[in-house]
2 protein chains.
Amino acid sequence: MPARGQANGNTESVDNYLKAILSLGGPEGRRVISKSLAERLSVAPASVTNMLQKLAAAPSPLVEYERHRGVKLSAAGRRRALEVVRHHRLIETFLYEVLDYPIDEVHEEAERLEHFISERFEERIAAKLGHPKIDPHGHCIPTMEGHMQEHDSIRLADVVDEGTFVIDSVSDRDAGTLRQLEASGITPGARLRVRKHTALDGYSVSIGRSSKAFDLSQETARDIRILPVA
Amino acid sequence: MPARGQANGNTESVDNYLKAILSLGGPEGRRVISKSLAERLSVAPASVTNMLQKLAAAPSPLVEYERHRGVKLSAAGRRRALEVVRHHRLIETFLYEVLDYPIDEVHEEAERLEHFISERFEERIAAKLGHPKIDPHGHCIPTMEGHMQEHDSIRLADVVDEGTFVIDSVSDRDAGTLRQLEASGITPGARLRVRKHTALDGYSVSIGRSSKAFDLSQETARDIRILPVA
DNA sequence: CCTAATAATTAGGTATGCCTAAATTTGCAG
DNA sequence: CTGCAAATTTAGGCATACCTAATTATTAGG
Ligand SMILES: [Mn+2]
Ligand SMILES: [Mn+2]
Ligand SMILES: [Mn+2]
Ligand SMILES: [Mn+2]
């Protein structure tokens, strides 16, 4: 009967599937194909099929699934996914603000703990932090009621024009990249000038009033979201 | 391959077996019989046998086990058990001191989280708390190196004489009892006068300078450890 | 010393979640 | 329209950690 450990009803695995479907389906909740899930979760495609069938067959299903045509979250699934995301981002903020974690270490710890904290814990750290709206990477923290207002930021990688922007958020997926961005001053809220779109499919940028320019690869530019200057 | 979720190598289950063996075997590390483990962990005796065989057969075994004659921890097992206890008690202290948890809610949360926090998390909350030596129930927190100095406190239930004592610790196992003790002022460090050993196998006691006496059942008296007045 | 109760072990199952290999299905190119 | 490649599903397994029922050991009383 094992594989729980949870404060709530779901397993860590189920939570991670729900989060992945939310993330890959985007705010509009597009259907997500098994292959993307398999990649995102680093499991075999067969394992995904298996899990989706189980989730869809449950008494009150967390997903809507049709053979060969992908999944999307049910209302209940979306609610749970947003709760886990809220846990994740509150924990990240807490580790960064209260426990003085280095920015590049918060994600891994949050990825684990998000499944195991109680509602009380969630409520207490939120209170301690003054009910923050964004996490240290610049990502929105869903509300207790499960709402998340999206920024209409765009990926730096999608910018063709030169110009000045405000950094909205940076990806937390890769600790190494994050460390480098932090070192370069590329953190949420900073002002970023895009000097030119270099030949080698990258960018030359500078931060704040600094005249020091440096290069970002196309790869890295996909991990940075920006907004027009206010 | 599942049932992990852990920051370290063991599963939650294994950790809980090790902690139970440490606790039931006492500081001297007496052999523990399967039945006690089954009761403590709320699993069937057959499940205990199964687990002990697996733990003992591992490449570097966490326990020494002989059929029909109980288990004790190996050096490695003891080290890990003490680490989990350290996690548990640091987390309790943290929840109580930093997150303002009610005393009777810290145990349940710690019982879960103790298995999932990283070494960094352990180190950071210890630092935040100023490297505390005892938890909110009065229990010693093992050091990072795996040492735990035992108090030579005795259970109130073992006191025959009347007299005045200092409360060393209270059990965290039952939230209800804990809430009542807290309400009566029975907390670590408080001064306790034992008035009489009542007929119905209980105690009449008072706290501090108060003249108000109240009764404690023999049951409850087993959950309180005391020291002679300094 | 023998027996009966108690403790422990073995045998045979279940559920979760994952894997590989062997079918299927789909959808696109020619 | 066909045929192939990519995506998906099915089939068959494995590991963890439980459970119940049946069997075997140990041990304390008489
Ligand atoms: Mn996770
Ligand atoms: Mn984040
Ligand atoms: Mn535990
Ligand atoms: Mn405690």
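Summarised in this report is the structure supplied together with it.

Thresholds applied
Every chain's residues receive numbers from 1 upward, in the order its sequence appears when written. Key to labels: chains lettered from A, ligands numbered from 1, both in the order written. Under the rules for a predicted model, residues below a pLDDT of 70 receive no local features and side-chain atom pairs below 80 are neither given nor counted, while totals for whole chains, interfaces and linings still include all residues. To obtain the side-chain values, all non-hydrogen atoms of the structure were used and water was disregarded. A run of H or I in DSSP counts as a helix once it spans at least four residues, and a run of E counts as a strand once it spans at least two, with each numbered from the N terminus. Any N or O atom pair separated by 3.5 Å or less is treated as a polar contact, with the protein-specific requirement of one donor-capable and one acceptor-capable atom, and with residues adjacent in sequence counted only for side-chain atom pairs. Any two strands with at least two DSSP bridges between them are considered paired. We superpose the copies by least squares over the C-alpha atoms of residues that have a pLDDT of at least 70 in both of them. The contact rule is simple, with two residues in contact once any of their heavy atoms fall within 4.5 Å. Ligating atoms shown are N, O and S within 2.8 Å of the metal, or 3.2 Å for Na, K and Ca, and water is not included, meaning a site may look less than complete. Each residue's exposure class comes from its accessible area (1.4 Å probe, protein chains only) as a fraction of the maximum for that residue type: buried when under 20%, exposed when over 50%, partly exposed otherwise. For this purpose, a residue is taken to be near a molecule or strand whenever a single non-hydrogen atom of the residue falls within 4 Å of it. Here the term charged refers only to Asp, Glu, Lys and Arg, the term nonpolar to Ala, Val, Leu, Ile, Met, Phe, Trp, Tyr, Cys and Pro, and the term polar to all other amino acids, Gly among them.

## Thoughts on the side chain of Glu 122 of chain A
Turning to step 1, where the next piece is worked out: In this structure, Glu 122 of chain A sits in helix H6 (residues 119-128).
Turning to step 2, where the next piece is worked out: A distance of 2.7 Å separates polar atoms of two side chains, one belonging to Glu 122 of chain A and the other to His 87 of chain A.

## Focus on the pairing of strand S8 (residues 224-228) of chain A
All names here are of chain A.
Turning to step 1, where the next piece is worked out: Direction of pairing for strand S3 (residues 154-155) relative to S8: antiparallel, over a ladder of 2 bridges. Its bridge partner being in S8, Ile 154 is matched across the sheet by Ile 226.
Turning to step 2, where the next piece is worked out: Judged from the 5 bridges that link them, strand S4 (residues 163-170) and S8 form a sheet pairing that is antiparallel. Along S8, the bridge assignment pairs Val 166 with Leu 227.

## What about the relation of the copies chain B and chain A?
Turning to step 1, where the next piece is worked out: The transform that puts chain B on chain A rotates by 180° and translates by 0.0 Å along the axis, for an RMSD of 0.0 Å. The operation mapping one copy onto its partner corresponds to a two-fold rotation axis.
Turning to step 2, where the next piece is worked out: Both copies share a contact surface, since 100% of the interface residues of chain B are interface residues in chain A too.

## Brief notes about the coordination of the manganese ion (ligand 3)
In an ideal octahedron of six donors the angles at the metal are 90 or 180 degrees, and in an ideal tetrahedron of four donors they are 109.5 degrees.
Residue and element names in this part refer to chain B.
Turning to step 1, where the next piece is worked out: Listed as protein donors to the manganese ion (ligand 3) are Asn 16 (OD1), Glu 111 (O), Glu 111 (OE), Glu 114 (OE) and His 115 (NE2); their distances from the metal cover 2.1 to 2.6 Å.
Turning to step 2, where the next piece is worked out: Of note, the manganese ion (ligand 3) draws all its donor residues from one chain, in the sequence arrangement N-x94-E-x2-E-H. On the criterion of sequence distance, the pair formed by Asn 16 in helix H1 (residues 12-25) and Glu 114 in the loop between helix H5 (106-113) and helix H6 (119-128) is long-range, its members being 98 residues apart. Each of the two residues, Asn 16 as well as Glu 114, counts as buried.

## Description of the coordination of the manganese ion (ligand 1)
All names here are of chain A.
Turning to step 1, where the next piece is worked out: Ligation of the manganese ion (ligand 1) by protein atoms is provided by Asn 16 (OD1), Glu 111 (O), Glu 111 (OE), Glu 114 (OE) and His 115 (NE2), these donors lying 2.1 to 2.6 Å from the ion.
Turning to step 2, where the next piece is worked out: Coordination of the manganese ion (ligand 1) draws on donor residues from a single chain, spaced N-x94-E-x2-E-H in sequence. Of the two residues, Glu 114 and His 115, neither departs from the other in class, the shared state being buried.

## Concerning the protein's contact with DNA strand D
Turning to step 1, where the next piece is worked out: Taken together, 22 residues form the shell around DNA strand D, and within it Tyr 65 of chain A together with Thr 11, Ser 13, Ser 47 and Lys 54 of chain B come nearest.
Turning to step 2, where the next piece is worked out: Of all DNA strand D atoms lying within 4 Å of any protein atom, the proportion belonging to sugar or phosphate reaches 83%.
Turning to step 3, where the next piece is worked out: Between DNA strand D and Ser 34 of chain A, the relevant distance is 3.4 Å, taken from a phosphate oxygen to a main-chain nitrogen or oxygen of the residue.
Turning to step 4, where the next piece is worked out: Note that a phosphate oxygen of DNA strand D is positioned 2.8 Å from one of the backbone N or O atoms of His 68 of chain A.
Turning to step 5, where the next piece is worked out: Looking at the surface near DNA strand D, the elements with two or more residues in it are helix H2 (34-41) and helix H3 (45-57) of chain A together with H1 and helix H3 (45-57) of chain B.
Turning to step 6, where the next piece is worked out: Partitioned by chemical class, the residues of the surface near DNA strand D number 10 nonpolar, 9 polar and 3 charged.

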